Amino acid sequence: MVPVLSYILVISIFPLLFSLYMMLSRWAPGTEGIEFVGLANFRAIVREARFWNALIRSIVYVAILLALELSIGTLLAMVLQREIRGKTFFRVSYMLPMLLSPVALSYIWKMIFDFNRGPANHLLRTLGLKPVEWLSGKQSALLSLVIADVWQWTPFMILTILASFEALPEELFEAAVVDGGSTFKIFQKITLPVAFPVIVTIVLLRTIDAFKVFDTIFILTGGGPGTATELLNFLIYLRGFRAFDLGMGTAMSVIQLVFLIAMFTFFIRSLKRIGALR
């Protein structure tokens, strides 16, 4: 029992307590010691435009990501729910992007989006269109991150939503068909309401994961051009491990955590208030 408690203390509790102390301190590696500064880090963050820009950029990125992944995932889950030829093949093949390393995929996308030799611009030139500066354009760089993430994680949406659809009792659909319900009405009145709690769960999970994106940004754009793809999690890395301002980096991490908790609490309570969740 004692070794287990010691493990929990060292691995979980100590880093948490140290982080809580660090967010109220100023410390950089190589200096003499940790200086307690109280709420000075938070006051500096609130006045920093770069932090707010990164937060807003992160919200926009996650919103676009979830809208695309959820809509494509739901549509393809509905298709795979039907009896189509090659159904098993498509189900297995959709899993492949999730099984690959995000770092390896990021390098693949970096080659695809290469301005001079990348397949993406080669296709555009073949079609007589102007090539796009995928990784160096202010708007296109963020779009490139979205494309890479959607390609890898939409299968998670597909398979999870499909599993929730297929868990529904067949009797519900048979009764709806007998009553003359159309495919859209059956989906709207039966499939979606019953599967809604599962959809909410995977949206929350993907939101957490999307806010933590780092490796794709690090490899594809490095936060550039300028700060065009500098999302909050990447800014925390830059502040804590590039500028070696660990106090500010920790304080930003805590703000991100509190923001996510507040957003999820509001989201769940709103759904319960309108009766969408029990």
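For the structure itself, consult the block above.
Residues numbered from 1 in each chain as written. Predicted model: local features only at pLDDT ≥ 70, side-chain atom pairs only at ≥ 80, totals over all residues. Heavy atoms only, no water.

Visitor: Would you explain the nonpolar core in this entry?
Guide: The tendency in soluble globular proteins is for nonpolar side chains to be buried side by side. Y61 and I161 are the most contacted members of the largest nonpolar core, which has 41 residues in total. Mapped onto this core, the elements with two or more residues apiece are α3 (49-81), α6 (119-126), α7 (138-166), α9 (183-211), α10 (215-220), α11 (232-242) and α12 (246-273). Element by element, the count of residues in this core is highest for α7, at 10 residues. Beyond its immediate sequence surroundings of up to four residues, I161 is in contact with L70, G73, T74, A77, I199 and I202. Listed in part, the 12 residues of the second largest apolar core include I45, F51, L232 and A251. (Core = buried A, V, L, I, M, F, W, Y, C linked by side-chain atoms within 4.5 Å. Buried < 20%, exposed > 50% of the residue type's maximum accessible area, 1.4 Å probe, protein only. Helix = DSSP H or I, 4+ residues; strand = E, 2+ residues; numbered from the N terminus. Contact = heavy atoms within 4.5 Å.)

Visitor: Would you take a moment to explain the environment of P225 for this structure?
Guide: Here P225 lies in the loop between α10 and α11. Under the relative-accessibility criterion, P225 is labelled partly exposed at 29%. In this structure, the C-alpha to C-alpha distance between P225 and A141, residues 84 residues apart in sequence, is 7.6 Å. Leaving out residues up to four positions away in the same chain, P225 has contacts with L135, S136, G137, K138 and A141.

Visitor: Sorry if this is basic, but what is going on with the pattern of salt bridges here?
Guide: Between side chains of opposite charge, pairing is possible as soon as their charged atoms come close. Considering all chains together, one arrives at 6 salt bridges under this definition. When the shortest N-O distance is used, the salt bridge between R239 and E48 registers 2.7 Å. Here R239 is found in helix α11, whereas its partner E48 is found in the loop between α2 (40-46) and α3, with 191 residues between them in sequence. Overall, the relative accessible area of 13% leaves R239 in the buried class. A salt bridge links R50 to E230; the nearest nitrogen and oxygen atoms lie 2.6 Å apart. Note that R50 is positioned in helix α3 and E230 in the loop between α10 and α11, a separation of 180 residues in sequence. Taken together, the shared-partner salt bridges in this structure form one network comprising E69, D149, R206 and D209. (Salt bridge = Lys/Arg side-chain N within 4 Å of Asp/Glu carboxyl O.)

Read these as spatial facts, not as claims about activity.
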